[in-house]
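# Report on the structure
If you want the building blocks of each chain, they are given just below.
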Amino acid sequence: MLVVEAKFDGEQLATDPVNHTDQPEFATELAWEIDRKALHQHRLQRTPIKLQCFALDPVSSAKETIGYIVLDLRTAQETKQAPKWYQLLSNKYTKFKSEIQISIALETDTKAPVDSFKAKGAPPRDGKVPAGLSGLDPKDIVAVLNEEGGYHQIGPADYCTESFILSVTIAFATQLEQLIPCTMKLPERQPEFFFYYSLLGNDVTNEPFNDLINPDFEPERASVRIRSSVEILRIYLTLQAKLQIHLCCGDQSLGSTKIPLTGLLKKGSTEINQHPVTVEGAFTLDPPNRAKQKLAPIPVELAPTVGVSVALQREGIDSQSLIELKTQNEHEPEHSKKRVLTPIKEKTLTEAKSPSVSPVPPHNQSPPTKDDVTGSEVESLQYDKDNKTNPKASSSVPASLAQPVTTSSASETASGQKIAVPATSHHFCFSIDLRSIHALEIGFPINCILRYSYPFFGSAAPIMTNPPVEVRKNMEVFLPQSYCAFDFATMPHQLQDTFLRIPLLVELWHKDKMSKDLLLGIARIQLSHILSSEKTRFLGSNGEQCWRQTYSESVPVIAAQGSSNRIVDLSYTVTLEDYGLVKMREIFVSDSYQSVPAVQQKPSSLPPAPCPSEIQTEPRETLEYKAALELEMWKEMQEDIFENQLKQKELAHMQALAEEWKKRDRERESLVKKKVAEYTILEGKLQKTLIDLEKREQQLASAESELQREKKELHSDRERNLQELHDSIRRAKEDCVHQVELERLKIKQLEEDKHRLQQQLNDAENKYKILEREFQQFKDQQNSKPEIRLQSEINLLTLEKVELERKLESATKSKLHYKQQWGRALKELARLKQREQESQMARLKKQQEELEQMRLRYLAAEEKDTVKTERQELLDIRNELNRLRQQEQKQLQDSREIASGKKDGPHGSALEEGLDDYLTRLIEERDTLMRTGVYNHEDRIISELDRQIREILAKNNASN
């Protein structure tokens, strides 16, 4: 038998056992009931679903592992998906590729959970609604997005007459390093942390930050528009009692806190009509599964906290957060970000969830943003002063350097050279996601990374996936950190020409710690495919119309060395977004790029030298000397400026080093404090454990003494029981000997009785034989008498009579059955004839007379045949009755001659009874034929039956 066991969320389910065949059919659904918050927590922690297949022995109930499958919970969707085949890992049958077809899906349970009453924070009682809302079920109050109106509607539309704004602001956080245990490993690169929460079904994250000790992020507010009423909103907030906020690193939750929402709208309160109502403060973050991890409590002064403000106001009333921010710009509203989550259209909803220009990467990775790709190039083209006066210039510069460069006139060289972007250029965003590799063809596992570079996007630096992943045969591996987005400006025809000419080459490298990296193969991605894909429209950050094209494909990776064989298949997804025309922008080039042209242009601006015939002057007064002097002074000034710049850079670097040193020192100090607190807690635990060990040692000593005492008692009990056992064995032996003697005496007595009974039996058999001979002689004497012979003949004749009567009765029954069948057939024939007659009369009236004649002839012939058949049957029956009657009369005459010789009386009575039976049968036949409706009194067969009936009646009258 085969059985599959599945384990998830600490609960193990199993299928029904099925026969162990080549293609077993389980046809079993395994389901776990879980709420959305727990499901989201499991998805963040990547909790797997493990399925183990066992071979079960029904006799001994022994289980033998065949293989297992690990399912990713994130692949489960609420839409029904087609089943997929999953290969068994650690397969017992190595010669076969065992697979199980599995479908994993999420189903929304419409049954509302019934909360039990608790002492802390009793749940809302069902049906407790205001008198004006008596017909409203609290379970039906849910938030529904109205895309046309751009708001969430809570409750029925008839009650939703007021507009509100619900906003959540995350202001600050402290002591976040306490959430990271010593055993946890962070990503190798600089980790990014962010806060996550769900607001009316919208997933919200703030801007990522890197420092847990001193988290530096701008306060960020997310708001939604709500259409409802005060009473319905109070009921909804009572049902959705808490807002859960997570601190995440990648897709892992480090800690969470719950903000109560019931205090926003208190019963009977009218504060929301005058001013916004808020719930704010510093809330403690708890690590996930504290009870399971058995973590010690953290002191209050070291507890990680997050400052959150939840505000609810009527639309049109200004709100102001009361949380004191820890940054210097906390009173400047322009430095705080506002994010509106209620969209006008569906595309805006995705923009609100992820406000960056690039699309959200899959698997919660952190792709290189626009600033990461183009930052080094922008810095090389801008003045330091321009960076301070125009901070937006760096983000507006296109990354593509393939555009024509125009220089300014000689009068503009003093301020610097400019690079202009043509007005016909478009702003593009190209993103590529190398999703997975599968179908490995080589015989050994590889530890691979992918590497590619495309200078047209503005950066020749290679893009690589990290960390390396291990790929084996018959498995698909998703690549980490494989998403990257490029922002650049170029003309559409140049983009199309480049994509058609130059493919993207993706290199597959094998990384080994013991040897250098090995290039295994190259995949060619033809980027021109995306130009022919379908375009979809979406709104940009400024409300302009933008276009997006997406293309997905799997391409083979061809071996770099040797024969061009396929190594593995690479699945990728590329997206091209067109944000429209780029506005005309000019970029200044720094002084270092214009130092040489300035030297060359300076002498050309001087006046011409005087003629030698003019008045002689001092050499220091000549124009050449002044120009040379001015040039030298300019050089010295430039050297001083360069030295000052170097000193300023050195000072900035020293300050940065000092700040970094202080930061590292604070980190070390906080880590030391954390370690000291942990060690203090461990010391307390050790002291408690030592006291427990001493108590246990005392208990063991007392238990050992008790054990010795009980051992002695058991030994004495054993000796006593052995003595009693010996005595009982001796008594049992004596009883057995006595019983054997008694049985022997009984056997001897039984033998004597047996001999006596055998003698009596022999005497009885002799007597029986004598009596049997005498009886046989008497029997022979009786058989020789004539009366006995006559009696035996009478008995034989009686048996023959009974047999003849039985045959007569069966013949009568068969005739009656035939009459019934014949009647049914006649009825059916009459019905068919009537139906045919009606149809013929309706369709063909002209042929009615001819059809009637044909029908009459047909009926006459049929009646004639029927009369002949019935007459023949009647004659046969009459002959059979006459023969039986004659035979019976002969038997009766013989019996009368033997007995007394009387003849006349019985013969007359038997003949009279036969005529009566025949008369009754004729009358029944006539009535049966008349009831069919086919015959009447004028028909020939009815007339014949009437004649026979009259003749029999006349004979009866004559005999009487």
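Calculation criteria
Residues numbered from 1 in each chain as written. Predicted model: local features only at pLDDT ≥ 70, side-chain atom pairs only at ≥ 80, totals over all residues. Heavy atoms only, no water. Helix = DSSP H or I, 4+ residues; strand = E, 2+ residues; numbered from the N terminus. Contact = heavy atoms within 4.5 Å. Pairing = 2+ DSSP bridges. Axes fitted to C-alpha atoms, helices over the stretch in contact; angles between N-to-C directions. 1 Å grid on protein atoms, 1.4 Å probe; cavity = no way out; pocket = protein on both sides within 12 Å on 5 of 7 lines; lining within 4 Å. Points joined across faces, edges and corners; volume = space filled by probe spheres on them. Nonpolar A, V, L, I, M, F, W, Y, C, P; charged D, E, K, R; others polar. Expected span 1.5 Å × (residues − 1). Buried < 20%, exposed > 50% of the residue type's maximum accessible area, 1.4 Å probe, protein only. Polar contact = N/O pair within 3.5 Å; in protein donor to acceptor, adjacent residues only side chain to side chain. Core = buried A, V, L, I, M, F, W, Y, C linked by side-chain atoms within 4.5 Å. pLDDT = per-residue confidence, 0-100. Phe/Tyr/Trp six-rings, centres within 6.5 Å; stacked < 30°, edge-to-face > 60°. Lys NZ or Arg CZ within 6 Å of the ring centre and 35° of its normal. Patch = residues over 30% accessible without salt bridge, like charges linked within 9 Å, V, L, I, M, F, W, Y side chains within 5 Å. Areas by Shrake-Rupley, 256 points an atom, 1.4 Å probe, with all protein chains shown as cover. Salt bridge = Lys/Arg side-chain N within 4 Å of Asp/Glu carboxyl O. Lys, Arg positive; Asp, Glu negative; His and termini not counted. Charge placed at Lys NZ, Arg CZ, Asp CG, Glu CD.

In terms of helices and strands, the protein carries 15 helices and 30 strands. Sequence-distant contacts, at least 24 apart, represent 66% of the contacts inside the protein between residues at least 6 apart.

Right, let's talk about the sheet that holds strand S4 (residues 63-72) for a bit. Spatial strand order, S2-S1-S3-S4: four strands in an open sheet with antiparallel pairing. Whereas interior strands pair on both sides, the edge strands pair on one side only; in this sheet they are strand S2 (11-14) and S4. Taken pair by pair, the neighbouring strands of this sheet meet at an average axis angle of 20°, ignoring direction. Both strand S1 (residues 2-8) and S2 contribute to a ladder of four bridges, which runs antiparallel.

Our next topic: empty space enclosed by the protein. With a probe scaled to a water molecule rolled over the atoms, the places where space remains empty come into view. Counted by the stated rule, this structure contains seven cavities of 30 Å³ or more. In this structure, the largest cavity is lined by Lys815, Tyr818, Lys819, Trp822, Glu870, Glu873, Leu874, Glu925, Thr928, Leu929 and Leu945. Of all the secondary-structure elements, those providing two or more residues to the lining of the largest cavity are helix H12 (786-843), helix H13 (848-899) and helix H14 (904-931). At four residues, the largest contribution of residues to the lining of the largest cavity is made by H12. Of the residues assigned to the lining of the largest cavity, the class counts are five nonpolar, one polar and five charged.

Reading across from one edge, S11-S10-S13-S14 is the order of the four strands in this open sheet, with antiparallel pairing throughout. Both edges of this open sheet fall to strand S11 (202-205) and strand S14 (252-260), since each of them pairs with a single strand only. The mean angle between the axes of side-by-side strands here comes to 25°, regardless of whether they run parallel or antiparallel. In this structure, strand S13 (residues 242-249) lies alongside S14, joined through eight bridges in antiparallel fashion. Among the inter-strand pairings, Gln244 is bridged to a residue of S14, identified as Lys258. Of the strands in this sheet, strand S10 (193-199), S13 and S14 are in contact with helix H1 (residues 36-44), which crosses S13 at around 5°.

In this model H12 runs 85 Å from its N-terminal to its C-terminal C-alpha over 58 residues, within 8% of the 86 Å that 1.5 Å per residue would give. All buried positions along H12 are accounted for by Lys815, Lys819, Gly823, Leu826, Lys833 and Gln840.

Moving on to the side chain of Ser253. Take Ser253: it is sitting in strand S14. Take Ser253: its relative accessible area is 4%, and that puts it in the buried class. For Ser253, the side chain forms a polar contact with the side chain of His246, separated by 3.2 Å. Apart from the residues lying within four places of it in its own chain, the contact partners of Ser253 are Gln41, Leu44, His246, Leu247, Cys248 and Pro288.

Turning our eyes to something else, we now look at the nonpolar core. In this structure, Phe195, Tyr197, Leu247, Leu264, Val310 and Leu312 are the most contacted members of the largest nonpolar core, which totals 46 residues. Breaking this core down by element, the ones donating at least two residues are strand S9 (162-174), S10, strand S12 (220-228), helix H2 (230-239), S13, S14, strand S15 (277-284) and strand S16 (305-314). No other element matches H2, which puts six residues into this core. Grouped together as the second largest cluster of nonpolar side chains are 38 residues, Phe430, Ile446, Phe486 and Val506 included.

We now examine the side chain of His438. Tracing the chain through its elements places His438 in strand S19 (residues 426-438). Accessibility expressed as a relative area gives 19% for His438, which makes it buried. At 3.1 Å, the side chain of His438 forms a polar contact with the side chain of Ser571. Dropping the residues within four chain positions of it, His438 is found in contact with Met475, Glu476, Ser554, Val568, Asp569 and Ser571.

The two faces of a sheet get side chains in turn, since along a regular strand they alternate between them. Across the two faces of strand S6 (residues 99-102) the burial differs, with Ile100 and Ile102 buried and Glu99 and Gln101 not buried at all. In this structure, strand S5 (residues 84-87) lies alongside S6, joined through four bridges in antiparallel fashion. Directly across from Trp85, in S6, lies its bridge partner Gln101.

On to the confidence of the model for the protein. Should pLDDT be low for a region, the predicted coordinates there are not to be read in detail. When pLDDT is averaged across the protein, the result is 76; 78% of the residues are at 70 or more. Long-range and interchain partners of residues 585-615, a stretch whose pLDDT sits below 50, account for 40 contacts in this model, where long-range means more than four residues apart.

As a further point, take the packing of aromatic side chains. Taken as a whole, this structure holds 18 aromatic pairs when the rule is applied. Relative to Phe457, the ring of Tyr454 lies with its centre 4.8 Å away and its plane at 40°, an arrangement referred to as tilted. Both residues of the pair, Tyr454 and Phe457, belong to the buried class. Of the aromatic side chains, those joined through ring pairs into one cluster are Phe428, Phe430, Tyr454, Phe456, Phe457, Phe486, Phe488 and Phe499. If you follow Lys50 out to its NZ or CZ, it ends over the ring of Tyr68, 5.0 Å from the centre.

A word on the environment of Asn202. When you line up the elements, Asn202 lands in strand S11. With 22 residues separating them along the chain, Asn202 and Val224 place their C-alpha atoms 9.4 Å apart.

With seven of 10 residues buried, H2 is to be regarded as a mostly interior element. Three or more residues of H2 are buried, namely Val230, Ile232, Leu233, Arg234, Ile235, Tyr236 and Leu237. Buried residues along H2 sit against strand S7 (143-146), strand S8 (151-154), S9, S12 and S16.

With that settled, the discussion passes to unusual backbone geometry. Only a minority of non-glycine residues have a phi that is not negative, and only a minority of peptide bonds are not trans. Residue Pro467 is reached from Asn466 by a cis peptide bond, and omega for that bond is 0°. Examined against the element boundaries, Pro467 turns out to sit in the loop between strand S21 (459-464) and strand S22 (469-471). Of note in this structure, Asn474 is not a glycine but carries a positive phi near 60°. Assignment of secondary structure puts Asn474 in the loop between S22 and strand S23 (477-478). Classification of Asn474 as partly exposed rests on a relative accessible area of 48%. Despite not being glycine, Gln481 shows a phi value in the positive range, around 50°.

A word on a positive patch on the surface. Together, Lys864, Lys868, Arg871 and Arg940 line one region of the surface with positive charge. By residue number, the principal contributor to the positive patch is H13, which donates three residues. Structurally, the position occupied by Arg940 is in helix H15 (residues 940-959). Take Arg940: its relative accessible area is 59%, and that puts it in the exposed class.

Here we take up a negative patch on the surface. A cluster of like negative charges, contributed by Glu632, Glu636, Glu639, Asp640 and Glu643, occupies part of the molecular surface. You can see Glu632 is positioned in helix H11 (residues 623-783).

In this section: the pattern of salt bridges. Per the counting criterion, the structure on display carries 36 salt bridges. A salt bridge links Arg668 to Asp665, with the nearest nitrogen and oxygen atoms 3.9 Å apart. Here Arg668 pairs with Asp665, and both are found in helix H11, just three residues apart, close to one helical turn. Exposure remark for Arg668: the relative accessible area of 38% places this residue in the partly exposed category. A relative accessible area of 38% means that Asp665 is categorised as partly exposed. Between Arg744 and Glu741 there is a salt bridge whose closest N-O contact spans 3.6 Å.

Another point: a nonpolar patch on the surface. Together, Tyr625, Leu629 and Met633 give the surface a local cluster of nonpolar side chains, amounting to about 280 Å² of exposed area. Of note, Tyr625 is situated in helix H11. You can call Tyr625 partly exposed: its relative accessible area is 33%.

Time to look at the environment of Ala282. In this structure, Ala282 sits in strand S15. Here Ala282 is in contact with Phe172, Thr305, Val306 and Gly307, once residues within four sequence places are set aside.

Let us now look at the pairing of strand S3 (residues 48-56). Direction of pairing for S1 relative to S3: antiparallel, over a ladder of six bridges. If you follow Leu2 over to S3, its bridge partner there is Ala55. Between S3 and S4, which pair antiparallel in sequence order, lie six residues; one of them, Ser61, sits at a positive phi of approximately 60°.

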